[in-house]
Amino acid sequence: MKRRTFLSQSMILSAGFIAARFPAFGTHNDFKNRLISSGLFSVFKDVDSTYRPFVRWWWNGDKVEKKELIRELHLLKEAGIGGVEINPIEFPSTGDDLGKKSLKWLSDEWIEMLQITFDEAKKLNMTCDLIVGSGWPFGAETLERNERAQVALVYAEQLEGPTQFETSRFNIFDQVDPGVSVPCPSRTFDILSLKLVPAPMSSLDQVIDLTDKLKDQIIQVDVPAGKHFFYALVKVDSFASVINGAPGAAGPILNHMDKEAVRKYLDHMSDTIQKQTGPLANHLRAFFTDSMELEGCNWNEDLPVEFKKRRGYDLMPYLPFTMFKVGRLGAVVDANYGVTKTGDFAEEIKRVRFDFELTKAELLYERFTQTYLEWCKDNNVKSRAQAYGRAFFPLETSLGYDIPEGESWTTNWLKHRVGEEMSDDDYRRGRGYTMINKYVSSAAHLEGKRIVSCEEMTNTYNVFNITLEQLKIGSDMSIMSGITHSVWHGFNYSPPEAPFPGWVQYGSYYSENNNWWPYFKYLNQYKARISSLLQNADMFTDMVILPPNYDMWGEMGVQTDPFPEKLNVQYTSIIWESINKTGGAADYTTEIIINKSTVKGGKLCYGPKEYGTIFLPEVTSIGITTLKKLLEFVASGGRIFCIEKYPEKSLGLKDWQQRDAEVSGLVEKLKSYKDKFILLRKPIDNRFLEWYMQVMEQYTIPHYLSIEKPNRFFMQTRYQADDGSEIFYFQNVHMHLRYKTNVSFSKTIVKGRYPWVWDPETGERYRIQLHKNSCEIDLGPAESRIIVFCEEKDGKEWKPIPISGEYAETINNDWKVELRHSREHTIEDFEMSALTDLKETKYVNFTGTAVYKRIITLKKETSNYMNLGKVWGVSELFVNGKSCGVKWYGDRIYNLAGKLNDGANEIEIHVITSMGNYMKTLTDNETAQKFTLLKNKNQPIQSMGMLGPVTIY
């Protein structure tokens, strides 16, 4: 495809519409590697390394050495990892660096280590990506002052007159000094404007301009009688430094709004490396950019000029009154900061704030994103990015990237429990994915891109307690949000001689020192096979949601994606989940996408996507051209569901009353299509799943699956392969409870195709039978299932392992337990009269392998299966010395066929435990304490071992 352009000309918001240059449509003809069904199964069975999960490979402090780089690549290869994202980062604050030298980013020595990595990875058939710079957002100590990021901030102080108010420039600068993650020592301050206004404020005409005092060291103001606010608008140059930057790429962050500075930085990086390595295209798959956490950067010297050119009026008289008090990452810490605005002026301020946010997003796209994409293309290296963050378009910015990327979390945004909670009241509770994943995957679908990667499973909290089962649940959930490839977060470069637990920056302790490391390959094999399917098919979505983000921009500003401080409509994410959990699928859209779509036969069409149903959850403000497109859509047969309200306002300040009237007129025309433009009331009790079930039935909303008993923990997704195969992925995301239901597939799916279960753990497939287009889905805790409909008819029959049976015998008592400590290398034996959680015993601080032993008298013909019941950890069953296999999640049911003797049988069950309880006891170990005991990382005691009941049947 030709390189796409996006917003190469300013978005115009003046005569009541939003218009933009936009990428050409992606088409299915652009894809390579089209596979027939047998080819697809071959890819699934013998999975290539490119589909395997990658790791973010932190080069801690860039203290890297040739021998260790090679060792770690081999270690990762053996664990089933397919590639590495080379990621230089600051040395961990609690690590012992052993006196090893830090290599400076882009030095000859550092590039030599890159070349060693490239060469060894190629030998191992592993892929390399390379992060731009170090830490986030990128920058360097060598940036010239005019290349560094800038921020505009506001100071407001309430006064009671009559009085003479006195303050100093120093005091103002001290009060606004941004609460960034890493302040830049060389930051400088300047006052852009000083104003005095009455409280409350109803018009700009009330402003007393204090421009004549801008250069005064001591500022004195005569305040008239009554309540007033003193305002200072301050610009801070070089305001923040790179978060976790490694030497050479630390220092001030780059000004992403300066096109020349961006290109200079990028060229310096690629040119310096390629002088030693030759073309990076020979070594790298992609350049990578981490999430655009720009610390609130919102300013460039020409922003006022650009604003006036694009929006048609002067920003500066309004700007102080649009701004909030902000802190780290630009997050709003006081939304009510400053003077109260009343009447039409309050409305004007919201509209100016929207115009300001829109202008920033345009400039960042034109000057950073386009420049970055051009640079990647010039170097013939793919672009991969988390193309979101405060001030960026959350969806559109991902369109141009070859590999757009999202994020998923093990501990979730507020440390809510993945696999145990799924609240409709709070979109953060229990979700492994972040909301941004739907924006990223929706952009990929619009452009027909099949690789949607994910920083997975981000962990800065319960580092030593994460299990393979938890990783599976969270990562499976991100598949539901549209992710097709995992990049584990992350693998720490750490030499074996580093004191335990090694150099730990973040992550789920992917280390050979982790008890579960030898079993990590099972998770990676599972993930690889799923990716091999999803990357050779397209996610089916036929509905779309327009979130009220532009209202949010005006009301509270752009939020810090992927972790918004708050949302104006909390349930936006819950809507797509409710659609998913009742057998349908939806993407997100934006006004820009809608305006660049075509309408055909009741469908809104963009690239390969066609949407026949649109949801508008509490969208208040909307562009004129967007409404006209929606009117065309409805008139052609499409349906729109407005939740709680109809749109009623236009966007932006210029001519807003006139354009509001146009919005009202267009909405009235839409209302005339009573069966196509429908107002819904949201559920009073916030039970959106039940609400949507009723709405779907009442309005016959299309869905390709009928689910007999929808459940908050049961999720599904549908993909369509090029040969016509239909792929369904089902997941029970609950960690403890089984789920069983009947699902009925639509006739268009079943016609001419036959269903198969494809097992991603073994690479085998089995035929299943439908009854009236229906089948039973019976999933254990954390279990998933792939069903593929294809033209092949005959094959081995699917025979799931039964969870119960005849001649059942429970064996929960009189176990001998041998504790093999993985760190202290001790062995301790004791007897357990009844199976008990180890955390409830004196062995609560154990870590390693707990071996449960018993001699059991059995008859071979009546003892086919053993169910271990609840197990906390990885389990492996041995019968008479023979392994019956490893189980690392969900039900621990083993087939005993061929392993039993008539009479006495020696049973050994090995359970590999987590590490956190033990780490809490290492009071002299700073790293252990940091992630298990200190401050907000104080970890609860974890369950461990086999709880049972153990049943043979």
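Details of the structure are given in the entry above.
Thresholds applied
- Residues numbered from 1 in each chain as written.
- Predicted model: local features only at pLDDT ≥ 70, side-chain atom pairs only at ≥ 80, totals over all residues.
- Heavy atoms only, no water.
- Helix = DSSP H or I, 4+ residues; strand = E, 2+ residues; numbered from the N terminus.
- Rg over C-alpha atoms; globule rule 2.2 N^0.38 Å.
- Buried < 20%, exposed > 50% of the residue type's maximum accessible area, 1.4 Å probe, protein only.
- Contact = heavy atoms within 4.5 Å.
- Areas by Shrake-Rupley, 256 points an atom, 1.4 Å probe, with all protein chains shown as cover.
- Lys, Arg positive; Asp, Glu negative; His and termini not counted.
- Charge placed at Lys NZ, Arg CZ, Asp CG, Glu CD.
- Pairing = 2+ DSSP bridges.
- Axes fitted to C-alpha atoms, helices over the stretch in contact; angles between N-to-C directions.
- Polar contact = N/O pair within 3.5 Å; in protein donor to acceptor, adjacent residues only side chain to side chain.
- Phe/Tyr/Trp six-rings, centres within 6.5 Å; stacked < 30°, edge-to-face > 60°.
- Lys NZ or Arg CZ within 6 Å of the ring centre and 35° of its normal.

Provide a residue-level description of the overall build of the chain, including the pertinent values.
A tally of helices and strands in the chain yields 20 helices and 45 strands. A compact globule built from 953 residues should have a C-alpha radius of gyration of about 30 Å, and the chain, at 30 Å, falls within 12% of that. Its C-alpha atoms put the chain at 100 × 70 × 55 Å along the principal axes. The buried share of the chain, taken over its 953 residues, is 64%. Considering only intrachain contacts with a sequence separation of at least 6, the fraction spanning at least 24 residues in the chain is 80%. Approximately 34,300 Å² of the chain is accessible, and the part contributed by carbon and sulfur atoms is 48%. Side chains of the chain carry 114 positive and 124 negative charges; the gap between the two charge centres is 4 Å.

Kindly report on the sheet that holds strand 13 (residues 382-385), identifying the contributing residues and their values.
Strand order in the closed barrel formed by 8 strands is 3-4-5-10-13-14-15-16, and the pairing between neighbours is parallel. Strand-to-strand twist in this sheet, taken as the mean axis angle between neighbours without regard to direction, amounts to 30°. Bridge count for strand 15 (residues 453-458) against strand 16 (residues 485-492) is 4 bridges, and the pairing is parallel. Each bridged residue has a counterpart across the sheet, and for Cys454 the counterpart in strand 16 is Ser486. Contacts from helix 8 (residues 343-378) reach strand 10 (286-289) and strand 13 within the one sheet, and its direction differs from that of strand 10 by about 160°.

Describe the environment of Arg390, with residues and values.
Here Arg390 lies in the loop between strand 13 and strand 14 (403-409). Classification of Arg390 by relative accessible area gives buried; the value is 11%. Note: C-alpha distance between Arg390 and Cys297 (93 residues apart in sequence) is 8.6 Å. The contacts of Arg390, once residues within four sequence positions are left out, are Met292, Gly296, Leu329, Gly330, Ala331, Val332, Val558, Gln559, Thr560, Asp561 and Glu565. Here Leu329 takes part through its backbone oxygen, which lies 3.2 Å from a polar atom of the side chain of Arg390. A distance of 2.9 Å separates polar atoms of two side chains, one belonging to Arg390 and the other to Glu565.

Describe the environment of Arg892, with residues and values.
The residue Arg892 is located in the loop between strand 41 (882-887) and strand 42 (893-895) in this model. Judged by its relative accessible area of 1%, Arg892 falls in the buried class. Each C-alpha atom, one on Arg892 and one on Trp798, is 19 Å from the other, the two residues being 94 residues apart in sequence. Ignoring any residue separated from it by four or fewer positions in sequence, one finds Arg892 in contact with Glu469, Met866, Asn867, Leu868, Gly869, Val871, Gly873, Val874, Ser875 and Lys887. There is a polar contact of 3.2 Å between the side chain of Arg892 and the side chain of Ser875. Polar contacts involving the side chain of Arg892 include one to the main-chain carbonyl oxygen of Tyr889, which spans 3.4 Å.

Describe in detail helix 13 (residues 572-580), supporting the description with residues and values.
Among the 9 residues that make up helix 13, 9 are buried, leaving the element largely enclosed by the rest of the structure. Residues of helix 13 that are buried: Thr572, Ser573, Ile574, Ile575, Trp576, Glu577, Ser578, Ile579 and Asn580.

Lay out the packing of aromatic side chains in plain terms, naming residues and giving numbers.
Taken as a whole and judged by the stated rule, the model has 59 aromatic pairs. Ring geometry for Phe287 versus Trp375: centroids 4.1 Å apart, planes at 20°, classification stacked. Separated by 88 residues along the polypeptide, Phe287 in strand 10 and Trp375 in helix 8 bring together distant segments of the chain. Joined through ring pairs, the aromatic side chains of Trp105, Phe138, Tyr265, Phe287, Phe368, Tyr372, Trp375, Phe392 and Tyr401 make up one cluster. The side chain of Lys63 reaches across the aromatic face of Phe91, ending 5.6 Å from its centre. For the cation-ring pair, Lys887 lies above Tyr894, with the distance from its terminal atom to the ring centre recorded as 5.6 Å.

How would you summarise the sheet that holds strand 20 (residues 598-600) if you had to cite specific residues and measurements?
Taken in spatial order, the 3 strands make up an open sheet running 20-21-22, and their pairing is antiparallel. Both outer strands of the open sheet, strand 20 and strand 22 (609-611), are each paired with one neighbouring strand and no more. Across the sheet, the axes of successive neighbouring strands diverge by a mean angle of 30°, strand direction being ignored. Pairing geometry for strand 20 and strand 21 (residues 603-606), over 3 bridges, is antiparallel. What sits directly across from Lys600, in strand 21, is Lys603.

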